[in-house]
Amino acid sequence: MSGGLQMWQDMEKEREAMQTWKERVAQELDRVVAFWTEHSRDQEHGGFFTCLGRDGQVYDDLKYVWLQGRQVWMYCRLYRKLERFRSPELLESAKAGGEFLLRYARVAPPGKKCAFVLTRDGRPVKVQRTIFSECFYTMAMNELWRVTGEARYQKEAVEMMEQIACWVREDPSGLGRPHLPGAPASESMAVPMMLLNLVDQLGEADEELAGNYAELGDWCVQRILRHVQRDGQAVLENVSEDGEELPGCLGRHQNPGHALEAGWFLLRHAVRKGDPKLRAHVINKFLLLPFRSGWDPDHGGLFYFQDADGLCPTQLEWAMKLWWPHSEAMIAFLMGYSDSGDPALLHLFYQVAEYTFRQFRDPEYGEWFGYLNQEGKVALTIKGGPFKGCFHVPRCLAMCEEMLGALLSRLPPAVPPAVPPASQGAK
């Protein structure tokens, strides 16, 4: 067989595999979105039910602001990015969710602090001393502005973004955390990660805001990179304010899924900056390193938590397999391959995707189970709860569909090379 023919056959195998996965991902996205649009919307009070059983039955009507904001963002993103989701019903549901947030998310307007949990009709139940309810509120408002053109949504997003940045970099007192003398001054990787994600969100196709937040984005990147510790051999979830390893369990704590999610946030930043050196570093330290240590060699799947010294983690769920780290891994490896062309990253995408589709998806009722035991068996049959909503799964599927489509469009036409005529006398 000629070298040209072999190359063409290999390319056709690659095209076929990508096309197959693109179709699988698109079909799964349709099923997942249908689950939420059928079962989640609260027609009476606005917003969304997220505590849904396997078949979509509502088992608790509390509303979690993280998940309300995420679902508004997700519906708007689908409406904006994928033609088949551009329906009035989806947009109307997103707007109703946004209006619920505008009315009820903030605990004491005009103050910016948002609740963590609300009753069904919007009364605050619980507040977290973190920035994450506010971050997802910001994402929701910015996407609503993008699909509706209504300036009031963007005003909310920009004002909340300014408050979040102030809490993180200048004055955290508004978060309500007490200063206890024995508590270490630590930084969770989740904080600069979320801020970097907001910089990307608000700066998309907006040169003025992108310029305004450029320094903040660079600051976030440097803070995230400080979590690579131990001479580059471990990504730690928490470090000191000075960027050093902390003592004890807090310092040794690792979250492979978070490292992978940070990885694709950083990859997008590297592409925007045109920085191939950063891209290579991110692929090595935030994709390959956490995957090699976090993948279960016996049962497959990513461990939820790990200890950097190989000690037993203290969290009861450390060995479980959760939906969102696998969603983030699919995005990270496919993005890494898209940006670098390294076939090893594409093979890792296929490895994670095969496990994820086999173990998490529910072919009977739709959507994915969120919580598996170490062996990969379903531990909780719920499809939504206080932390799992309409976000990680559809975001993963939508982004992977988009990336696979772009990769397929970059492949040369499927035309086999011309076969030279056989030489005279050949049999």
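Above this note sits the structure.
So, here's what we can say about the structure.

Reading the values: rules and limits
- Residues numbered from 1 in each chain as written.
- Predicted model: local features only at pLDDT ≥ 70, side-chain atom pairs only at ≥ 80, totals over all residues.
- Heavy atoms only, no water.
- Helix = DSSP H or I, 4+ residues; strand = E, 2+ residues; numbered from the N terminus.
- Buried < 20%, exposed > 50% of the residue type's maximum accessible area, 1.4 Å probe, protein only.
- Contact = heavy atoms within 4.5 Å.
- Areas by Shrake-Rupley, 256 points an atom, 1.4 Å probe, with all protein chains shown as cover.
- Lys, Arg positive; Asp, Glu negative; His and termini not counted.
- Charge placed at Lys NZ, Arg CZ, Asp CG, Glu CD.
- Expected span 1.5 Å × (residues − 1).
- Salt bridge = Lys/Arg side-chain N within 4 Å of Asp/Glu carboxyl O.
- Pairing = 2+ DSSP bridges.
- Phe/Tyr/Trp six-rings, centres within 6.5 Å; stacked < 30°, edge-to-face > 60°.
- 1 Å grid on protein atoms, 1.4 Å probe; cavity = no way out; pocket = protein on both sides within 12 Å on 5 of 7 lines; lining within 4 Å.
- Points joined across faces, edges and corners; volume = space filled by probe spheres on them.
- Nonpolar A, V, L, I, M, F, W, Y, C, P; charged D, E, K, R; others polar.

The next point concerns the overall build of the chain. The helix and strand tally for the chain stands at 14 helices and 14 strands. With 427 residues in all, the chain has 55% of them scored as buried. The contacts of the chain with a sequence gap of at least 6 include a subset with a gap of at least 24, amounting to 66%. Accessible surface computed for the chain: about 18,900 Å², of which carbon and sulfur atoms make up 53%. Positive and negative charge centroids in the chain, built from 48 and 57 side chains respectively, lie 1 Å apart.

This paragraph deals with helix H2 (residues 65–81). With 17 residues, H2 extends 24 Å from end C-alpha to end C-alpha; this agrees with the ideal 24 Å at 1.5 Å per step. Burial analysis of H2 places 15 of its 17 residues in the buried class, which makes it a mostly covered element.

A word on the pattern of salt bridges. Side chains that differ in charge, positive against negative, can pair when their charged atoms come close. Per the counting criterion, the structure on display carries 39 salt bridges. Note that Glu-204 and Arg-77 form a salt bridge whose closest N and O atoms lie 3.3 Å from each other. With a gap of 127 residues between them, Glu-204 in the loop between helix H6 (190–203) and helix H7 (207–212) and Arg-77 in helix H2 connect regions that are remote in the sequence. What makes Arg-77 buried here is its relative accessible area of 15%. Overlapping salt bridges bring together Arg-77, Arg-80, Lys-81, Glu-143 and Glu-204 as one network.

In this structure, Glu-156 sits in helix H5 (residues 151–169). Each C-alpha atom of the pair Glu-156 and Asp-206 lies 16 Å from the other, and the pair is 50 residues apart in sequence.

Two modes of strand pairing occur in sheets, parallel and antiparallel, and in both the strands are linked by backbone hydrogen bonds. Judged by pairing direction, the sheet is antiparallel, and its 3 strands sit side by side in the order S12-S13-S14 without closing on themselves. What marks the edges here is a single partner per strand, and that holds for strand S12 (321–322) and strand S14 (378–380). Bridge analysis of strand S13 (residues 371–372) against S14 gives 2 bridges, and the strand direction is antiparallel. Bridge pairing in S14 links Tyr-371 to Leu-380.

This paragraph deals with unusual backbone geometry. For the bond from Pro-109 to Pro-110, the omega torsion is 10°, close enough to zero to count as cis. If you trace the backbone, Pro-110 turns up in the loop between helix H3 (88–104) and strand S4 (117–118). Phi angles above zero are rare outside glycine, and Asp-231 is one such case at about 55°. Within the secondary structure, Asp-231 is located in the loop between strand S7 (228–229) and strand S8 (234–235). Phi at Glu-367 is positive, roughly 65°, even though this residue is not glycine.

Turning next to the packing of aromatic side chains. Within this structure, the stated rule accounts for 24 aromatic pairs. Measuring from centroid to centroid gives 5.6 Å for Phe-303 and Trp-318, while their planes differ by 35°, and the two rings are tilted. With a gap of 15 residues between them, Phe-303 in the loop between helix H11 (276–294) and strand S11 (306–307) and Trp-318 in the loop between S11 and S12 connect regions that are remote in the sequence. Taken together, a centroid distance of 6.3 Å and an interplanar angle of 75° make the contact between Tyr-355 and Phe-360 edge-to-face. The class for Tyr-355 is buried, based on a relative accessible area of 2%.

Moving on to the layout of surface pockets. Over the atoms, a rolled probe matching the size of one water molecule traces out where space is still vacant. Its boundaries defined by the atoms lining it, the second largest pocket holds a volume of some 790 Å³. Looking at the lining of the second largest pocket, the elements that each hand over two or more residues are H2, H6, helix H8 (214–225), helix H10 (256–273), helix H12 (323–340) and helix H14 (392–410). Residues of the lining of the second largest pocket, tallied by class, amount to 16 nonpolar, 6 polar and 11 charged.

Turning our attention to empty space enclosed by the protein. Taken as a whole and assessed by the stated rule, the structure comprises 1 cavity of 30 Å³ or more. When its volume is computed, the largest cavity comes out at roughly 40 Å³. For the largest cavity, the full set of lining residues is Leu-196, Asn-197, Asp-200, Phe-265, Arg-268, His-269 and Arg-272. Those elements that provide at least two residues to the lining of the largest cavity are H6 and H10. In terms of residue count, H10 provides more of the lining of the largest cavity than any other element does, 4 residues in total. In the lining of the largest cavity, the residues fall into 2 nonpolar, 2 polar and 3 charged.

Taken in spatial order, the 3 strands make up an open sheet running S3-S4-S5, and their pairing is antiparallel. Strand pairing shows two members of the sheet lacking a second neighbour, strand S3 (63–64) and strand S5 (124–126), which therefore form its edges. Bridge analysis of S3 against S4 gives 2 bridges, and the strand direction is antiparallel. Paired with Lys-63 across the two strands is Leu-118, which belongs to S4.

With respect to the secondary-structure elements, Glu-261 resides in helix H10. Residue contacts for Glu-261: discarding those within four places in its chain leaves Met-193, Trp-324, Glu-328 and Arg-395.

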